[in-house]
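# Results of the structural survey
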Amino acid sequence: MQFVDLYAQYLSIKDEIDTAIADTIKHSSFVRGPSVEAFEENFAQLMDTKHCVSCANGTDAIYIAMKALGLETGDEVITTAHSWISTSETITQAGGKVVFCDTEPDYFTIDPAQIESKITDKTKGIIPVHLYGQSADMDAILAIAKKHNLWVIEDCAQAHLATYKGRKVGTMGDAATFSFYPGKNLGAMGDAGALITNRDDIAEFSALFARHGGKNNHLMEGINSRLDGMQAAILNVKIKYIEGWTRLRQQHAAVYSQRLSNVAAVTVPQIREACEHVFHLYVIRVDDRDGLRSRLSEQGIPTVINYPRPLPLYDAYQYLGGTSADYPVATQHANTILSIPMYAELTEAEILQVANAIASCK
Ligand SMILES: *Cc1c(COP(=O)(O)O)cnc(C)c1O
């Protein structure tokens, strides 16, 4: 068994993918080109947003969005203690200061109740992450942002098509960023990313900035963060299947939760009321996490810890002086979380094998 089987997904749409790749080579449209333009349109349409600006990866998308929002040296940006480092490293790259906030006990996402105490007169924005495929508590976050005149960038790298009270994630903030890294819910066969926004100013700046600040006349210095034609052609095939794949992930998650919710040692992922979780990862909590992990490994069941420490406790952030006492929830989660196999092509037999193995090891 694999943790994620990307080859199984490829085989399910092999002919279409092979044709898309061959066509890209035939037309030599390797960087940007018609497939990229088509993907930007397709993705904007899927997300019900006005603009999609593609770029090289999901990390760049966050950086570009902050440049578009005019972040300046010394500005502070509040983000979650529990995420992949892209969310916070880009704040520093864009010239800002990272301010971490602890997470909610049940949902792994930034705790709105703690955001206001982190706001200073230098705070410019908030980056909530819809972690593991579930929306952060956007009503509360947007209310705080409005009250304090802050922008919001939604990091949707793990949450394609997740919803919050009927709204798609990525449509609620000033801008939203996506990753199409191969293992993400919508994944290319290499690096790829995009930002979406309804704001014309953000879209216009981002498209220029990501492509050297313009072509015939460079209006500014930018960066080189382009989507390549091959990845766009592949994504144009896969985007047709994302809704079905998402439903399969949700069905698999429901089977896991049904099987595991009465196992005393295990806490299954909670779904926020009136929201759709898209289960990029299915993350359980177990006190004896490391013991369970090695017993599963002995049975050939791979697991991953996403992520082993709260962001502020990595060496990279020692300079901020944070301790586990400052992030009690994220720390407790980091010590007990375990991601088990989750992808659309998992079979019922595999899901039951994993669930039974967990139930019998405890
Ligand atoms: C994957 C990911 C990113 C970055 O995406 P890349 O395409 O790998 O650069 C950003 N934020 C989160 C939460 C992610 O999971």
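Calculation rules
- Just so you know, the residues in each chain are numbered from 1, in the order the chain's sequence is written.
- Per-residue local features are limited, in this predicted model, to residues with pLDDT of at least 70; the limit for side-chain atom pairs, both in listing and counting, is 80 or more; totals at the level of whole chains, interfaces and linings are taken over all residues.
- Heavy atoms throughout the structure, all of them, feed into the side-chain values; hydrogens and water do not.
- Strands were regarded as paired on the criterion that DSSP finds at least two bridges between them.
- Helix and strand labels come from DSSP, where a helix needs a run of H or I of at least four residues and a strand needs a run of E of at least two; each type is numbered from the N terminus.
- Note on geometry: axes are lines fitted to C-alpha atoms, helical ones only across the stretch in contact, with angles between N-to-C directions running from 0 to 180 degrees.
- Throughout, a contact is declared for two residues whenever any of their heavy atoms are within 4.5 Å.
- Domain delimitation in this document rests on an assignment produced automatically or drawn from a domain database.
- Once two parts are brought into contact, the accessible area they lose, counted with a 1.4 Å probe and summed over both, makes up the buried area.
- Here a salt bridge means any side-chain nitrogen of Lys or Arg lying within 4 Å of a carboxyl oxygen belonging to Asp or Glu.
- Under this definition, polar contacts are N or O atom pairs within 3.5 Å; protein pairs additionally need one hydrogen-donor-capable and one acceptor-capable atom, and for neighbouring residues in sequence, both atoms have to be side-chain atoms.
- Basically, the charged four are Asp, Glu, Lys and Arg, the nonpolar ten are Ala, Val, Leu, Ile, Met, Phe, Trp, Tyr, Cys and Pro, and anything else, Gly included, counts as polar.

Spatial ordering of the open sheet is given by β1-β9-β8-β5-β4-β2-β3, a layout of 7 strands whose pairing is mixed. The strands lining the two open edges of the sheet, one partner per strand, are β1 (51-55) and β3 (97-101). Each strand of the sheet is rotated relative to its neighbour by a mean of 25°, with strand direction disregarded. Inspection of the sheet shows strand β5 (residues 151-155) paired to strand β8 (residues 175-179) by 3 bridges, in the parallel sense. Bridging from a neighbouring strand, Glu154 pairs with Ala176 of β8. Helix-sheet contacts for helix α7 (residues 200-209) involve β1, β8 and β9 (193-197), and the interaxial angle to β1 is about 25°.

Domain annotation for the chain reports domain 1 (6-101 + 110-238) and domain 2 (242-360). Each of domain 1 and domain 2 has a C-alpha centre, and the two are 24 Å apart. Taken residue by residue, the interface counts 39 residues in domain 1 and 30 residues in domain 2. Interface area, domain 1 with domain 2, both sides summed: about 3,000 Å², of which 61% is carbon and sulfur. Summed over the shared surface of domain 1 and domain 2, the result is 0 salt bridges. Applying the counting criterion to the domain 1 and domain 2 interface returns 16 residue pairs in polar contact (both at pLDDT 80 or more). Contributions of two or more residues to the side of domain 1 that touches domain 2 are made by α1 (6-12), α5 (86-93), β3 and β6 (163-164). Class assignment of the residues belonging to the side of domain 1 that touches domain 2 gives a composition of 17 nonpolar, 15 polar and 7 charged.

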